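# Report on the structure
Spelled out, the chains give:
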Amino acid sequence: MQKIKQHPLMGQVLLLIGMSVVFLLPQIIGKGMILGSDVVFHFNRFYETSQQIKEGNFQYFLSIYGFQQSGRIVNALYGPFFAYFQGLLVLLSPSWYAYQLLSNGLLYLLAGFSMYGLLRHLKVNGWLATAMGIFYMSTYSIQYWIERQGFSAWGAAVLPLCLIPLIALGQEKRLRPFAVGVSVAVLFQIHVFSSILLVLMYGPFFIRAFFRSEEPQAKRQLIIKLVGAVAIFMVLTANIWVGMADLYLNNQLLAPFVNHNMQNNTITGTSSYWWSTPILLPILCALFFCGALKAWSRLTSDFKLLIGVAAIFFILSTNFVPWTWLGSLDNGLIALIQFPFRFFVPATVLIIVGLCLLIPYYQGQQLVKPVWVVLLVLLSSGQVLIQTTNKMREWQSDEAAVTLRNHTYLGTDSAAELKAAYFVTDKSLALDLYQRSTPDYVPIYQETTENKYDAYGEQIIEGNNTVIKTVENGKLTVRWQGDSADWVQVPIINYRYTELTLNEKSLTREDIQLSTIGVVTVQQKVGSNVLVVDYDAPWYFDSALWLTMAAWLILPIGYAAWWWRWSKKTSTAIK
């Protein structure tokens, strides 16, 4: 205890680590899985990259291990580098259960330290920053991954750290191109929509700094540094935007789920759990906005802008916005939003930050005493523990491992067999026993009213029963026996640059037929047939990929050199 008093940073770090472990205890003790609505999608993504790492068969575009080994493209459009990081976690884990514990623990740590780091940069007291870091772990912004495997939680975990460059922009009207470019790039590599939210948060502060700069030279410097930040971002994310541009320009890809009932997915609609997790969050929101209004005349202009931005994001996450009407519009930008509750993530971060900054304005009053902060952390942490414990009770008491939804395919009638599959070394077993026909990003070749989910289930999932798929020499290989020299559908999806070789003969577009979702039909021969599937990415994508990888490798070296020069300059100045 004496050591902690002398070195509070050590105590704060240990507390954040300790609470991350505590949040895992119900699942460790209960020995159960939490299988949310997105678990099949993301487990397939990460199994794909884990096997590529394990086997040394790196295929950036095609799914050659996951997603029914269908040759479909997913990871290239959904945080590819971070998918490989998650794949490494899967590879290090002896089972899906172990991976879930490892990834959940890492998410808690990332979220806690991210919020702690932002608040400490804002000169918030270390113990208060620690408490708010723990509280942030308990919000649904983070619990979204724990309970439903919603991937935006990983973006939410990093978001506070990515806001640190905003401090200089707000307080000093100075844009740091390196910090801003890297921050947006990190989020873009993890979760694209989260990076869009980050840019929207930066926007008002940049506009204010620009128009508050009286000298033309200062305005020019801001623009030059903004261009520099954009250039850094472009280099660090070239693999994603070049890959996206190439795929979308050369293929008509099926967009992910388009939500026509966006009004339901708001914090004031059926997604109110975002608002009530933890249950004290609505009270904190009320205290923040009411407290800010009461002290408005004494607040700095930077603080007022933060409150305004928080209010905008808060309102966007509610039905105060006409989401029913907006959802009915055929607009790509609105369709990109999918779920308005996503706006509650930046609102949550800014409200937590704002509350900490508001405390000095009410110093000495009852509500800002440390006892209330301790009580807040205890109650919010307790709620997380109760929720996870209830999930474990459901896992143990309910025979079914998963709740059956539309377009679900179970490979076994035994619930016990499915449950056991998440605790064995062979991770492909669980993916085979529990499948969903999610056709995101498949190519569309004809405009029909055919249900794409049903088509994927029939042509790919059920079609796999007639063939044997393996990975040989880094390429996906499909084998089957032909009874006659007829045309036969093979459960493989074809894109513009997919290369197909049937029985050692390269196939052209004229040699194949394609279904609505790009599933291949070829002319088989009697006897053994072998189809080899590969992807020939254009040269400019390969250049962009190597550029991005080189940039991320050089980045820490450049930062270390800058830090050394800065430290040397500082020590010389002190002398």
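Anything mentioned here points back to the structure above.
Model, not experiment: these values are computed from the prediction. (Residues numbered from 1 in each chain as written. Predicted model: local features only at pLDDT ≥ 70, side-chain atom pairs only at ≥ 80, totals over all residues. Heavy atoms only, no water.)

### Focus: the overall build of the protein
Across its full length, the protein carries 24 helices and 10 strands. A compact globule built from 575 residues would reach a C-alpha radius of gyration of about 25 Å, and the protein, at 26 Å, matches this within 12%. By its C-alpha atoms, the protein is 85 × 60 × 55 Å across when sized along the principal axes. Summarising the internal contacts of the protein: among those between residues at least 6 apart in sequence, 77% fall at separations of at least 24. Carbon and sulfur atoms provide 63% of the accessible area of the protein, an area that totals close to 26,600 Å². In the protein, 40 side chains carry a positive charge and 33 a negative one; their mean positions are 21 Å apart. (Helix = DSSP H or I, 4+ residues; strand = E, 2+ residues; numbered from the N terminus. Rg over C-alpha atoms; globule rule 2.2 N^0.38 Å. Contact = heavy atoms within 4.5 Å. Areas by Shrake-Rupley, 256 points an atom, 1.4 Å probe, with all protein chains shown as cover. Lys, Arg positive; Asp, Glu negative; His and termini not counted. Charge placed at Lys NZ, Arg CZ, Asp CG, Glu CD.)

### With respect to the pairing of strand 9 (residues 519-523)
For strand 9, the buried fraction is high: four of the five residues fall into the buried class. Sheet topology note: the strand 8 (residues 513-514)/strand 9 ladder contains two bridges and is antiparallel. Paired with L514 across the bridge in strand 9 is V520. Once strand 8 ends, the chain turns through four residues before running back antiparallel as strand 9, passing G518 with a positive phi of about 85°. (Buried < 20%, exposed > 50% of the residue type's maximum accessible area, 1.4 Å probe, protein only. Pairing = 2+ DSSP bridges.)

### Brief notes about the pairing of strand 4 (residues 475-482)
Relative to strand 4, strand 3 (residues 468-472) runs antiparallel, the two sharing five bridges. When the bridges of strand 4 are listed, E472 appears paired with K475. Here strand 4 pairs with strand 10 (residues 527-535) via seven bridges, running antiparallel. Opposite V478, over in strand 10, you have L531 as the bridge partner.

### Let's talk about a nonpolar patch on the surface
A cluster of nonpolar side chains, I283, L287, L367, V371, W372, L375 and L379, forms an exposed patch at the surface whose accessible area comes to about 660 Å². Elements with a minimum of two residues in the nonpolar patch: helix 15 (281-294) and helix 20 (370-397). Position of V371 among the secondary structure elements: in helix 20. (Patch = residues over 30% accessible without salt bridge, like charges linked within 9 Å, V, L, I, M, F, W, Y side chains within 5 Å. Salt bridge = Lys/Arg side-chain N within 4 Å of Asp/Glu carboxyl O.)

### Points about unusual backbone geometry
Excluding glycine, residues mostly have negative phi values, and the peptide bonds linking residues are mostly trans. Cis geometry is found at the peptide bond from T277 to P278, where omega equals -5°. With respect to the secondary-structure elements, P278 resides in the loop between helix 14 (273-276) and helix 15. Of note in the backbone geometry, F67 takes a positive phi value of approximately 50° without being a glycine. Turning to its location among the elements, F67 is positioned in the loop between helix 3 (39-55) and helix 4 (80-92).

### Quick notes on the sheet that holds strand 7 (residues 505-506)
An order of 3-4-10-6-7 is seen for the five strands of this open sheet, with the pairing classed as antiparallel. With partners counted over all chains shown, the strands left at the sheet margins are strand 3 and strand 7, one partner each.

### A look at the environment of L25
Relative to the helices and strands, L25 resides in helix 2 (residues 8-30). Sequence separation between L25 and Q171 is 146 residues; the distance between their C-alpha atoms is 41 Å.

### Focus: the nonpolar core
W96, M132, F288, Y422 and L531 are the most contacted members of the largest nonpolar core, which has 182 residues in total. Apart from the residues within four sequence positions on either side, Y422 is in contact with M33, L35, F43, S95, W96, Y97, W395, A430 and Y434. (Core = buried A, V, L, I, M, F, W, Y, C linked by side-chain atoms within 4.5 Å.)

### Some thoughts on the packing of helix 8 (residues 152-162) against helix 19 (residues 344-358)
Any two packed helices are characterised by the angle at which their axes cross and by the distance between the axes. Contact pair helix 8 / helix 19: the axes reach a minimum separation of 10 Å and the direction vectors enclose 40°. With respect to helix 19, the axis of helix 8 lies oblique. With respect to the hand of their crossing, helix 8 and helix 19 are arranged in right-handed fashion. Contacts between helix 8 and helix 19 involve A156, L159 and P160 from the first element and V345, P346 and V349 from the second. Its residues assigned to classes, the contact of helix 8 with helix 19 comprises six nonpolar, no polar and no charged. (Axes fitted to C-alpha atoms, helices over the stretch in contact; angles between N-to-C directions. Parallel < 35°, antiparallel > 145°, perpendicular 65-115°, else oblique. Left-handed = near helix turned anticlockwise from the far one by under 90°. Nonpolar A, V, L, I, M, F, W, Y, C, P; charged D, E, K, R; others polar.)

### Some thoughts on the side chain of T521
Examined against the element boundaries, T521 turns out to sit in strand 9. Beyond its immediate sequence surroundings of up to four residues, T521 is in contact with W487, V488, Q489, D511, I512 and Q513.

### Quick notes on the side chain of Q338
Here Q338 shows up in the loop between helix 18 (332-337) and helix 19. With near-sequence residues (within four places) excluded, Q338 lies in contact with P256, F257, N259 and M262.

### Re helix 4
Between its terminal C-alpha atoms helix 4 stretches 19 Å, which fits the 18 Å expected from 13 residues at 1.5 Å a residue. Three or more residues of helix 4 are buried, namely P80, F82, A83, Y84, Q86, G87, L89 and V90. Against the buried residues of helix 4 lie helix 3, helix 5 (96-121), helix 8, helix 10 (177-190) and helix 13 (238-250). (Expected span 1.5 Å × (residues − 1).)

### Looking at the packing of helix 6 (residues 126-138) against helix 20
The interhelical angle for the contact between helix 6 and helix 20, taken along N-to-C directions, is 25°, at an axis separation of 9 Å. Classed by the angle they form, the pair helix 6 and helix 20 counts as roughly parallel. Along this stretch, helix 6 crosses helix 20, giving a crossing that reads as left-handed. Together, L128, A131, M132, I134, F135 and S138 of helix 6 and V373, L376, V377, S380, S381 and V384 of helix 20 make up the contact between the two elements. Of the residues in the contact of helix 6 with helix 20, the class split is nine nonpolar, three polar and no charged.

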